[in-house]
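Below, each chain spelled out in residue letters.
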Amino acid sequence: EAQVTQNPRYLITVTGKKLTVTCSQNMNHEYMSWYRQDPGLGLRQIYYSMNVEVTDKGDVPEGYKVSRKEKRNFPLILESPSPNQTSLYFCASSSTLWGEQFFGPGTRLTVL
Amino acid sequence: GENVEQHPSTLSVQEGDSAVIKCTYSDSASNYFPWYKQELGKRPQLIIDIRSNVGEKKDQRIAVTLNKTAKHFSLHITETQPEDSAVYFCAASGYSTLTFGKGTMLLVSP
């Protein structure tokens, strides 16, 4: 089954404790990205990757890191989480930027 | 960077009525305009998209129109049904990023 998976689905953590949210797709897609969704603000792009080893900042990259060592995986890293990073996070992949984005199920993160 | 404005933020209609959601974008280089539907507690899913070389596209009860000169595009849903109730997002894409509007919550009352 073609899909995008994310783990964990829910996470409660404390300020400053490093965490990683994994994202994996099995559709051989070139383009992957991370979004955060906050009430009233819609979906905002954090980082994107056009291909392996190629990543770039989106609209709200501060406090986040990513890597794309393999085509299928695109983890999101929060080195020192803060309460303002409490949000719903979605990973997405697509064959190109100008095609359907397939979203993962989302990760609800709470930073205390 | 690109800026996408979406209106209205909330739209309530009676079942069977039409619904229209409008978006404007700022970057004239944007050339791909998708619409996503997000039901409560679920992930966004593509419902229709349009490219800059097309003025209108239809898929059953859903249609999208694009005015490149005015830099705006709209989603039209006819004969709305309760299952159309969801949050709808427009988006615009240029060379590297996809920018979303803030979303419209559509409520369809039986």
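Conventions used here
- Residue positions are given per chain, counted from 1 along the sequence in the order it is written.
- Note on labels: chains are lettered from A, ligands numbered from 1, in written order.
- This being a predicted model, a pLDDT of at least 70 is required before a residue's local features are given, and a value of 80 or more before pairs of side-chain atoms are given or counted; all residues contribute to the totals for chains, interfaces and linings.
- Just so you know, side-chain values use all the structure's heavy atoms and leave hydrogens and water out.
- Per the convention used, a helix needs a DSSP run of H or I reaching at least four residues, while a strand needs a run of E reaching at least two, with both numbered from the N terminus.
- Here the globule rule reads 2.2 Å times residues to the power 0.38, and the radius of gyration is calculated from C-alpha atoms.
- Residue burial is assigned from relative accessible area. The probe radius is 1.4 Å, only protein chains are included, and a residue is buried under 20% of its type maximum, exposed over 50%, and partly exposed in between.
- Note on terminology: pairs of cysteine sulfur atoms within 2.5 Å are recorded as disulfides.
- Throughout, a contact is declared for two residues whenever any of their heavy atoms are within 4.5 Å.
- Two strands are counted as paired when DSSP detects at least two bridges linking them.
- Nonpolar cores were defined as sets of buried Ala, Val, Leu, Ile, Met, Phe, Trp, Tyr and Cys residues, with membership established by side-chain atoms within 4.5 Å.
- A fitted line through C-alpha atoms serves as each axis, taken over the contacting stretch for helices, and the angle formed by two N-to-C directions is quoted from 0 to 180°.
- The term buried area means the drop in 1.4 Å probe accessible area that two parts suffer when joined, counted for both and summed.
- Definition used for salt bridges: Asp or Glu carboxyl oxygen within 4 Å of a side-chain nitrogen of Lys or Arg.
- Basically, the charged four are Asp, Glu, Lys and Arg, the nonpolar ten are Ala, Val, Leu, Ile, Met, Phe, Trp, Tyr, Cys and Pro, and anything else, Gly included, counts as polar.

### Things to note about the overall build of chain B
Turning to step 1, where the next piece is worked out: Within chain B, the regular secondary structure consists of zero helices and eleven strands.
Turning to step 2, where the next piece is worked out: Each helix and strand of chain B, ordered N terminal to C terminal, gives the series β-β-β-β-β-β-β-β-β-β-β.
Turning to step 3, where the next piece is worked out: Its C-alpha atoms give chain B a radius of gyration of 13 Å, within 12% of the compact-globule value 13 Å for 110 residues.
Turning to step 4, where the next piece is worked out: Across its three principal directions, the C-alpha atoms of chain B cover 40 × 25 × 20 Å.
Turning to step 5, where the next piece is worked out: Out of the 110 residues belonging to chain B, those deemed buried represent 43%.

### Observations regarding the state of the cysteines
Turning to step 1, where the next piece is worked out: As enumerated under the stated definition, the model contains two disulfides over all chains in all.
Turning to step 2, where the next piece is worked out: Note on cysteine connectivity: Cys-23 of chain A is disulfide-linked to Cys-91 of chain A, with sulfurs 1.8 Å apart. Disulfide Cys-23 of chain A-Cys-91 of chain A: the torsion about the S-S bond is -70°, which places it as left-handed. One end of the pair, Cys-23 of chain A, is in strand S3 (residues 19-25); the other, Cys-91 of chain A, is in strand S9 (residues 87-94), and 68 residues separate them in sequence. For the pair Cys-23 of chain A and Cys-91 of chain A, one class covers both residues: buried.
Turning to step 3, where the next piece is worked out: Each sulfur of the disulfide joining Cys-23 of chain B and Cys-90 of chain B lies 2.0 Å from the other. Between Cys-23 of chain B and Cys-90 of chain B, the S-S torsion sits near -100°, and that sign places the bridge as left-handed. Residue Cys-23 of chain B is found in strand S3 (residues 19-25), and its partner Cys-90 of chain B is found in strand S9 (residues 86-93); the two are separated by 67 residues along the sequence.
Turning to step 4, where the next piece is worked out: For Cys-90 of chain B, a relative accessible area of 0% corresponds to the buried category.

### Details of the side chain of Gln-45 of chain A
Turning to step 1, where the next piece is worked out: Assignment of secondary structure puts Gln-45 of chain A in strand S5 (residues 42-51).
Turning to step 2, where the next piece is worked out: Filtering out sequence-adjacent residues up to four positions away, Gln-45 of chain A remains in contact with Tyr-31, Ser-33, Trp-34, Tyr-35, Gly-58, Asp-59 and Val-60 of chain A together with Thr-97 and Leu-98 of chain B.

### Some details on the pairing of S3 of chain A
A regular strand places its side chains so that they alternate between the two faces of the sheet.
Residues and elements named next belong to chain A.
Turning to step 1, where the next piece is worked out: Here S3 lies mainly inside the structure; five of its seven residues are buried.
Turning to step 2, where the next piece is worked out: Sheet analysis places strand S1 (residues 4-7) next to S3, joined by four bridges and oriented antiparallel. If you follow Val-4 over to S3, its bridge partner there is Gln-25.
Turning to step 3, where the next piece is worked out: In this sheet, strand S8 (residues 76-78) lies alongside S3 in antiparallel orientation, the contact comprising three bridges.

### Overview of the nonpolar core
One recurring pattern in soluble globular proteins: nonpolar side chains tend to sit buried together.
Turning to step 1, where the next piece is worked out: Judged by nonpolar contacts, the single largest core of 23 residues is most densely connected at Trp-35, Phe-73, Leu-75 and Leu-106 of chain B.
Turning to step 2, where the next piece is worked out: Of all the elements in the fold, those that place two or more residues in this core are strand S2 (10-14), S3, strand S4 (32-38), strand S5 (45-51), strand S7 (62-67), strand S8 (72-77), S9 and strand S11 (104-109) of chain B.
Turning to step 3, where the next piece is worked out: Ranked by size, the runner-up nonpolar core spans 19 residues in total, among them Leu-19, Met-32, Leu-76 and Tyr-89 of chain A.

### Quick word on the sheet that holds S3 of chain B
Paired through their backbone hydrogen bonds, the strands of a sheet run either parallel or antiparallel.
Residues and elements named next belong to chain B.
Turning to step 1, where the next piece is worked out: Across the sheet, five strands lie side by side as S1-S3-S8-S7-S6; this open sheet has antiparallel pairing. Strands at the two margins of the open sheet, each flanked by one partner only, are strand S1 (4-7) and strand S6 (56-59). Neighbour to neighbour, the strand axes of the sheet diverge by 15° on average, direction disregarded.
Turning to step 2, where the next piece is worked out: Of the strand pairs in this sheet, S3 and S8 are connected by six bridges, and their pairing is antiparallel. Residue pairing for S8: Ile-21 is matched across the bridge by Leu-75.

### Things to note about the interface of chain B and chain A
Turning to step 1, where the next piece is worked out: Taken together, the contact pairs 20 residues of chain B with 21 residues of chain A.
Turning to step 2, where the next piece is worked out: Interface area, chain B with chain A, both sides summed: about 1700 Å², of which 56% is carbon and sulfur.
Turning to step 3, where the next piece is worked out: There are zero salt bridges connecting chain B and chain A.
Turning to step 4, where the next piece is worked out: Going through the elements one at a time, S4, S5, S9 and strand S10 (98-100) of chain B are the ones with two or more residues in the side of chain B that touches chain A.
Turning to step 5, where the next piece is worked out: Its residues assigned to classes, the side of chain B that touches chain A shows eight nonpolar, eight polar and four charged.

All we've got here are geometric facts, nothing functional implied.
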